[in-house]
Amino acid sequence: MNLTRLAVIGTGLIGLRHLAAAQRNTNVTLVAACDTNPAGAQIAATYGIPFYQDYHRLLAVEDLDGVIIATPTNTHAPIGGACAQHGVHILIEKPITGTLEDARRLLAAAEEGGIHTLVGHHRRHNYVVQQARELIQNGTIGDLIGVTAMFALLKPLDYYNVTWRKKVGGGPILTNLIHDIDNLRFICGEIETVYAATSSKTRGFDVEDTAGLTLHFANGALGTVLVSDATPSPWSYELTSGENPVYPLSGQDCYQFCGTKASLAFPSMTLWRYPEQPMPGWYRPLEQVRRIDPKAEDPLDVQLTHFCEVIQDTAQPLISGVEGLKTLAATEAVLKSAQVQMPVSPASLW
Ligand SMILES: NC(=O)c1ccc[n+]([C@@H]2O[C@H](COP(=O)([O-])OP(=O)(O)OC[C@H]3O[C@@H](n4cnc5c(N)ncnc54)[C@H](O)[C@@H]3O)[C@@H](O)[C@H]2O)c1
């Protein structure tokens with residue numbers, strides 16, 4: 001594979017992780033970094049690469065195959081559009097854009113510019129997520145009856161020192177739940193309707209801190225999700241997956257999938273089922289089976305290698321722009337449902 005020439009736009013929380021991933025990836029030449037904040041110059045200097053404060057200038061000056069867009073969500077659309085105009089492929093952080101209208105416009109610009117779009121729902125690159133999908137799709141737990149999922153943890157107060165996180169669109173639904181929605185779409189299938197309620201009573205910001213939702217999947221399965229970033233709880237993907245070393249592991253599970261033959265706890269991948277004989281049922285002890293051990297790989301690294309393959313035309317994006325839009329629509333459906341206090345179909349928003 002030829003070395004892929006990449007730049008990172010946005011050197012904040014997630015941009016720093018992309019820079020580190022790009023530097024250790026042997027398929028990548030890290031070309032430049034860009035941030036409106038001049039403090040980014042020091043970060044670029046640690047990588048020995050040029051720094052730009054204006055992404056237009058970065059795109060005009062540097063010879064790039066791809067760009068990783070790791071800026072606040074409301075800037076994804078204009079930056080992605082500029083990359084499309086320069087014919088530069090994009091790995092765009094999630095959510096693909098701040099609004100569905102922007103997402104549609106970006107998809108059109110990407111098509112016109114002939115660029116590939118990979119959306120940064122990096123959990124789909126996690127081996128355990130892929131195994132959960134496999135077990136559910138291949139019928140190991142029988143027909144899926146339902147899933148219960150938790151995103152419940154405590155973000156420290158200083159996380160909210162960044163102003164955009166306190167405003168509508170910067171809260172746990174669009175920032176965090178969107179990952180779980182994407183996981184559930186990937187593992188269980190398309191979400192047909194969403195019914196949700198939100199609350200901002202604990203933190204008192206404009207944006208929600210808590211939400212409760214029910215999901216109806218196209219295959220007939222049901223789901224419930226509790227979301228809160230204001231509670232000391234061990235039950236979230238962040239604290240259970242071991243994916244990001246900044247979060248200490250709680251050793252708990254965050255999703256439980258229930259099927260007609262067995263149930264699966266994620267990410268411990270514990271399968272619960274009855275022996276065939278005598279007649280299975282609640283009077284008998286359940287067996288527990290551990291299905292897999294996680295791989296010691298960072299999904300951001302796997303995602304980046306995949307981005308290089310997408311750029312080199314040897315792979316189709318695992319999370320295309322359209323998939324990113326559908327996940328955003330399902331997440332927007334949560335906000336809309338809470339607002340109108342009615343079930344909402346994500347497909348009505350595509
Ligand atoms: N995949 C994940 O797990 C994950 C995790 C965190 C954040 N994110 C997403 O990544 C994006 C960034 O989040 P963050 O938490 O890193 O934010 P952040 O505020 O920590 O960093 C954003 C950076 O972008 C810079 N910036 C703003 N406008 C810019 C512009 N026009 N050009 C260049 N730089 C600009 C800011 O100065 C800042 O340094 C958001 O869309 C967020 O949803 C994804």
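Cut-offs and rules
Residues numbered from 1 in each chain as written. Predicted model: local features only at pLDDT ≥ 70, side-chain atom pairs only at ≥ 80, totals over all residues. Heavy atoms only, no water. Near = heavy atom within 4 Å. Polar contact = N/O pair within 3.5 Å; in protein donor to acceptor, adjacent residues only side chain to side chain. Areas by Shrake-Rupley, 256 points an atom, 1.4 Å probe, with all protein chains shown as cover. Nonpolar A, V, L, I, M, F, W, Y, C, P; charged D, E, K, R; others polar. Domains from an automatic or database assignment. Salt bridge = Lys/Arg side-chain N within 4 Å of Asp/Glu carboxyl O. Pairing = 2+ DSSP bridges. Helix = DSSP H or I, 4+ residues; strand = E, 2+ residues; numbered from the N terminus.

A. Layout of the site of the ligand. Taken together, the neighbourhood of the ligand is formed by 22 residues, with Leu-13, Asp-35, Thr-73, Glu-93 and Lys-94 sitting nearest. Ile-14 is positioned with one of its backbone polar atoms (N or O) 3.0 Å from an oxygen atom of the ligand. The side chain of His-122 places a nitrogen or oxygen atom 3.3 Å from a nitrogen atom of the ligand. Protein chains shield 83% of the accessible area of the ligand, which is 850 Å² for the free molecule. Broken down by class, the residue content of the shell around the ligand amounts to 8 nonpolar, 10 polar and 4 charged. In this structure, the shell around the ligand is formed jointly by two domains, domain 1 (4-115) and domain 2 (127-295 + 329-349), each of which donates at least three residues.

B. Highlighting the pattern of salt bridges. The full count for this structure, using the stated rule, is 15 salt bridges. Residues joined in a network through salt bridges with shared partners are Arg-124, Asp-182, Arg-185, Glu-190 and Glu-323.

C. Local environment of the sheet that holds strand β1 (residues 4-9). Here we have 6 strands laid out as an open sheet, ordered β3-β2-β1-β4-β5-β6, and parallel in their pairing. At either margin of the open sheet sits one strand with a lone partner, and together these are β3 (51-52) and β6 (117-119). Of the pairings in the sheet, the one linking strand β5 (residues 89-92) to β6 comprises 3 bridges and is parallel in character. What sits directly across from Leu-91, in β6, is Leu-118.

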